[in-house]
Amino acid sequence: MTITRRDVLAGSAALALLPIVSRAWAAPVPRDAEVVVIGAGAAGIAAARRIAAAGRKVVVIEAASAVGGRCVTDATAFDVPFDRGARWLYNTETSPIAKLARGVGMDLLPAPRGQRIRIGRRNARAGEAEDFLATLVRANRAMGDAVRGKADMPAAAGLPKDLGVWAGTTDFLLGAMATGKDLKDLSALDLVTMAQRDGPSACRQGLGALIAKLGEGLPVVLSTPVTRIVWSGRDAQVETTGGTITAKAVIMTASTNALLSGKIKFAPDLPKRQQDAASKLTLGSYDHIALELPGNPLGLSRDDIVIEQSTDRSTGFLLANLGGSSLCQVDVAGSFGAELSARGEAAMVAFATDWLTKLFGADVRNIVKRTTATRWNDMPYVFGAMSAASPGGQPARKVLMEPLGSLFFAGDAAHETQWGTVGGAWESGERAAEAALRKIGALKDAPVAEKSGKKPKRTQSRAEPASPGGRGLNWPRN
């Protein structure tokens, strides 16, 4: 049976790998700037655009050779653009990135609404699919109930004990596929507070290509790692492999894993409070394995989505026939994905071909042509996919967002509810830019509104999502 609800919508959270040619202005390292932005991913580009719009001197320093960060489109490996990282934008009716995309001529396409569940070599029957959806709803609510008014816990501890044959699939969809981490390694409170991920769309030209497009015209210094940041309450110095920049403010958008790697030194050292926060918001593991399968040997439709009734974590997520092409993408995530990635690309491709053969019976190994696989855990200056809080770590997001004198933080970890998404990273970049502009005197604090006596409107509790997609199921990595 093909599920026609959006409750279990596709997930592609791993982030980019190979660079495409950036059309941003590859600037030399300047001697000074009012604001230095470190990192040319979604958060960094959003921050730089906001500062430039305010008429202030900004420069973006990027260690990699292209704009995009963990959003990169590979336009050469296959006959269609392949997003080696983030693929989806959520809530596209209200997303600022979606609005900007339309303004620069990039095409957004809604994510597929149907998905198949394989049980062995057959599709799930109607009753089985309905039972699975009911299991997801029950699991979501149970995790919310487990932490409502209580201390945080591992998300797995809040699951019902009687999920039966759907236990493995539930763990995969709510944990690894949605966040890059198994439920046992995730904060239940972080999942409860996750903003609804509705209306996902992909960019026809690639999400990485879109972020690169939005970076055009900005002063971006590529292939220039930052080695040390000297910060204080008044100004800062950013030391790079290409020279030192003096600035009034610095916006750091590097991943939490990159912050913890020690590749960038701080003087003085980051306070233990911020270091502890980063250590609780580390990146999960999520990778794409791309296979060119001519002749449609799996018998699937354009952009078909397939999951399986899994008995353990050795499973994947299939997005087939991307854009009507012969390109199929198998995603692996969580602890299994990390173990597989560590074994190398050949092992990843072997798993994907064996897994598809198991589910569909076709001898994929003798049919597959071009292949590639991302390995984000080994990607320099990134070291993982997207941020997900460990048990007890949800409050660390606000701590990470606290400014340190002239130093501000942004990125997918620095958002309370849209963490782990491109939209959340973009919004965090804009917020950090606003704070930096105030720091340098380019913006005045907004006047405090007079008390009206009216109570603020209440927002829907994330512990009771309107649909079972409320905690990552609508995921086709953001």
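Residues numbered from 1 in each chain as written. Predicted model: local features only at pLDDT ≥ 70, side-chain atom pairs only at ≥ 80, totals over all residues. Heavy atoms only, no water.

Moving on, we get to the overall build of the protein chain. Helix and strand counts for the protein chain stand at 12 helices and 22 strands. Among the 478 residues that make up the protein chain, the fraction classed as buried is 58%. For the protein chain, the exposed surface amounts to about 18700 Å²; the carbon and sulfur share of it is 52%. (Helix = DSSP H or I, 4+ residues; strand = E, 2+ residues; numbered from the N terminus. Buried < 20%, exposed > 50% of the residue type's maximum accessible area, 1.4 Å probe, protein only. Areas by Shrake-Rupley, 256 points an atom, 1.4 Å probe, with all protein chains shown as cover.)

With that settled, the discussion passes to the packing of aromatic side chains. For the structure on display, the rule yields 4 aromatic pairs. With a centroid separation of 4.7 Å and 40° between ring planes, the pair formed by phenylalanine 132 and tryptophan 166 is classed as tilted. Remark: tryptophan 166 occurs in the loop between α3 (126–147) and α4 (167–179) and phenylalanine 132 occurs in helix α3; sequence separation between them is 34 residues. Neither residue differs from the other here; phenylalanine 132 and tryptophan 166 are each classed as buried. (Phe/Tyr/Trp six-rings, centres within 6.5 Å; stacked < 30°, edge-to-face > 60°.)

This paragraph deals with the sheet that holds strand β11 (residues 201–203). If you walk across this open sheet you meet the 3 strands as β7-β11-β8, and the pairing is antiparallel. Sheet topology places β7 (88–89) and β8 (108–110) at the edges, where each strand pairs with a single neighbour. Relative to β11, β7 runs antiparallel, the two sharing 2 bridges. In the sheet register, leucine 89 faces β11, and the bridge partner there is serine 201. (Pairing = 2+ DSSP bridges.)

By size, the foremost hydrophobic cluster in this structure holds 43 residues, and its most contacted members are Phe132, Met143, Ala155, Leu173, Leu183, Leu191 and Leu327. Among the secondary structure elements, those contributing two or more residues to this core are β9 (115–119), α3, α4, α5 (188–193), β17 (286–292), β18 (304–308), β19 (317–320) and β20 (327–333). Viewed by domain, this core spans two of them, domain 1 (32–77 + 89–108 + 204–283 + 387–440) and domain 2 (112–198 + 286–378), each represented by three or more residues. Contact partners of alanine 155, with chain neighbours within four places excluded, come to Met143, Leu183, Leu186, Ala188 and Leu191. Core analysis: the second largest hydrophobic core is formed by 42 residues, Val35, Ala40, Ala47 and Ala410 among them. (Core = buried A, V, L, I, M, F, W, Y, C linked by side-chain atoms within 4.5 Å. Domains from an automatic or database assignment. Contact = heavy atoms within 4.5 Å.)

Glancing now at unusual backbone geometry. Residue alanine 267 is joined to proline 268 through a cis peptide bond whose omega torsion reads 0°. Turning to its location among the elements, proline 268 is positioned in the loop between β16 (265–267) and α8 (272–279). Look at aspartate 303: it is not a glycine, yet its phi comes out positive at around 55°. Relative to the elements of secondary structure, aspartate 303 occurs in the loop between β17 and β18. Judged by its relative accessible area of 17%, aspartate 303 is buried. Although it is not a glycine, tyrosine 381 adopts a positive phi angle of roughly 70°.

Within the structure shown, the criterion is met by 29 salt bridges. Note that arginine 370 is salt-bridged to glutamate 292, the shortest N-O span being 2.6 Å. Note that arginine 370 is positioned in the loop between α10 (345–360) and β21 (371–373) and glutamate 292 in strand β17, a separation of 78 residues in sequence. We classify arginine 370 as partly exposed; its relative accessible area is 34%. Exposure remark for glutamate 292: the relative accessible area of 9% places this residue in the buried category. For the salt bridge of arginine 365 with aspartate 363, the shortest nitrogen-to-oxygen distance reads 3.9 Å. Arginine 365 sits in the exposed class, given a relative accessible area of 51%. Each of Glu34, Arg56 and Lys248 takes part in a single network of salt bridges with overlapping partners. (Salt bridge = Lys/Arg side-chain N within 4 Å of Asp/Glu carboxyl O.)

With that settled, consider the pairing of β17. Most of β17 is tucked away: 7 of the 7 residues are buried. Both β17 and β20 contribute to a ladder of 7 bridges, which runs antiparallel. By the bridge assignment, histidine 288 is partnered in β20 with aspartate 331. As paired strands, β17 and β21 are joined by 3 bridges and run antiparallel to one another.

Take it as geometry only, folks, not as evidence of what the structure does.
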